[in-house]
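Notes for the structure review
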Amino acid sequence: LSFVTVHGSVNSHTAILARTMSIPALIGTDIPLTDAIDGKLGIVDGRNGCIYVDPDEDTLSKMQQLKQEEQEKKELLQTLKGRENITIDGKKIMLYANIGNSKDLAAVLQNDAGGIGLFRSEFLYLERETFPTEEEQFQIYRTVAETMAGKPVIIRTLDIGADKKCDYFEMEPEENPAMGCRAIRICLTRPEIFKTQLRALYRASAYGQIAIMFPMIISVKEVKQIKVIIEEVKEELREAQIPFREDVELGIMIETPAAVMMSRELAKEVDFFSVGTNDLTQYTLAIDRQNQKLDAFYDPHHPAVLAMIRMAAENAHAEGKWIGICGELGADLELTEEFLSMGLDELSVSPAMVLPLRKKIRESK
């Protein structure tokens, strides 16, 4: 039903996944872990960040009333299914969902998302004790593509590193893993792992509208290296007479200040951008998003972060490419109108936020 931790940060991937799966969660609480609370009734209020242990009758009654009101709001949002994501003055926006594995597909369909804007493929690796084979990956990607029945499915290549560690990768310990060998840096230094995933992705592209997105890009040189490896993979598939789509869209995550500053040049090399606001905030503000003590300083609404997003959007559009947000900020209803004013083309959020965000878009000018 919910979980509560005494360690961690609200900006960690644990918290992000909880939101994706619509699980109420409190992260980094000061609740005492003693036998005294074992077996007692607890109420987790994820919206206000409170936990009530052994609540009195008044509190219990109040919380049950709030739960009922929340359920009624959800039911009202169901009337928005099948409606367009269009503002009062006629601007349309793509509204997609973020998922961690194929088990989340039901939530994507139930919440009427227009596609998948971020499939976090690293969880195929994190849930295992050894590398997933090409065939195992292909079957999962194919299932996702077929289930979405022609709707866009943007799959991010593995983003291992920082707070997402895999023992069998046998990575050397790093003093600062958030700035270490992670994501595309692993893929480009260990191309055998990368090629296995790319082969599976291109094979699955024959079964739906798959696009591929690369994380932690900082230079045009990296994108060109990726394209060389992709051409090798395509040639291998052609020789083996394995079907795949030649026109798979390629995109990159904009999650470093370097990518923002290079965004005009990068836009010439790819089909789309997706802003990873979690890491972009971390690197722009020089704040470790895992450090609970810095939560008070971590400000995703910081003018510098918003200026970075605006710059990336302007440069993407200058080269005729589309841009979206797949980070947590995309679901921040306080910023929806600002994102619309920046000209963002897509927002990808946790499945449970699709309908609330559609409501906000349809009420905006």
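Now for a quick tour of the structure. Since this is a predicted model, take the numbers as computed values, not measurements.

1. Things to note about the environment of E174
Position of E174 among the secondary structure elements: in the loop between strand 7 (152-156) and helix 6 (184-189). For E174, a relative accessible area of 35% translates into the label partly exposed. Between the alpha carbons of E174 and G90 there is a distance of 49 Å; along the sequence they are 84 residues apart. Beyond its immediate sequence surroundings of up to four residues, E174 is in contact with G180 and C181.

2. Focus: the state of the cysteines
Counted according to the given criterion, the structure contains zero disulfides. Lacking any disulfide linkage, C181 is separated from the closest cysteine sulfur, that of C187, by 9.4 Å.

3. Thoughts on the sheet that holds strand 8 (residues 209-214)
Pairing within the closed barrel is parallel, and its eight strands lie in the order 5-6-7-8-9-10-11-12. Each strand of the sheet is rotated relative to its neighbour by a mean of 30 degrees, with strand direction disregarded. In the sheet, strand 8 pairs with strand 9 (residues 250-254) via three bridges, with the strands oriented parallel. Residue pairing across strands places M213 opposite G251, the latter belonging to strand 9. On top of the sheet, helix 7 (residues 191-204) reaches strand 7, strand 8 and strand 9; it is set at about 155 degrees to strand 8, its chief contact.

4. Focus on the side chain of T157
Within the secondary structure layout, T157 lies in the loop between strand 7 and helix 6. Not counting the four nearest positions on each side in its chain, T157 is found in contact with S121, E122, F194, Q197, L201, I212, M213, F214 and P215.

5. Concerning the packing of aromatic side chains
Applying the stated rule across the entire model yields nine aromatic pairs. With a centroid separation of 6.0 Å and 85 degrees between ring planes, the pair formed by Y202 and F244 is classed as edge-to-face. Of this pair, Y202 sits in helix 7 while F244 sits in the loop between helix 8 (220-239) and strand 9, and the two are 42 residues apart along the sequence. Pair check on accessibility: Y202 and F244 agree, each one buried. Aromatic ring contacts, followed pair by pair, group Y125, F131, Y168 and F169 into a single cluster. Taking NZ or CZ as reference, R142 lies 4.0 Å from the ring centre of Y207, over its face. Seen from the ring of F138, R203 lies directly overhead, with NZ or CZ sitting 4.0 Å from the centre.

6. What about the nonpolar core?
Ranked by internal contacts, the top residues of the largest apolar core, which has 85 residues, are F214, I309 and F339. In this structure F339 touches L306, I309, I325, L329, G330, L344 and L347, once residues within four positions along its chain are discounted. Listed in part, the eight residues of the second largest apolar core include L118, A211, M213 and W322.

7. Some points on the pairing of strand 5 (residues 94-99)
The buried fraction of strand 5 is high, at five of six residues. Pairing between strand 5 and strand 12 (residues 346-349): four bridges, direction parallel. Looking at strand 12, one finds that L95 is bridged to L347. Note that strand 5 and strand 6 (residues 116-120) share three bridges and pair parallel. Of the residues in strand 6, the one forming a bridge with N98 is L118. Regarding the hand of the β-α-β motif, the stretch spanning strand 5, helix 3 (residues 105-110) and strand 6 is right-handed.

8. Quick notes on helix 11 (residues 277-285)
Structural remark: α-helix, 3.6 residues per turn; residues separated by three or four positions point the same way. Among the nine residues in helix 11, eight count as buried, and that is most of the element. Taken together, the buried positions of helix 11 are occupied by T277, N278, D279, L280, T281, Q282, Y283 and L285. If you follow the buried residues of helix 11, they end up packed against helix 1 (13-20), strand 9, helix 9 (257-261), strand 10 (272-275), helix 12 (303-318) and strand 11 (322-325). Just beyond helix 11, the residue with positive phi is A286, at close to 55 degrees.

Calculation rules
- Residues numbered from 1 in each chain as written.
- Predicted model: local features only at pLDDT ≥ 70, side-chain atom pairs only at ≥ 80, totals over all residues.
- Heavy atoms only, no water.
- Helix = DSSP H or I, 4+ residues; strand = E, 2+ residues; numbered from the N terminus.
- Buried < 20%, exposed > 50% of the residue type's maximum accessible area, 1.4 Å probe, protein only.
- Contact = heavy atoms within 4.5 Å.
- Disulfide = S-S within 2.5 Å.
- Pairing = 2+ DSSP bridges.
- Axes fitted to C-alpha atoms, helices over the stretch in contact; angles between N-to-C directions.
- Phe/Tyr/Trp six-rings, centres within 6.5 Å; stacked < 30°, edge-to-face > 60°.
- Lys NZ or Arg CZ within 6 Å of the ring centre and 35° of its normal.
- Core = buried A, V, L, I, M, F, W, Y, C linked by side-chain atoms within 4.5 Å.
- Right-handed = clockwise from strand over helix to strand, strands pointing away.

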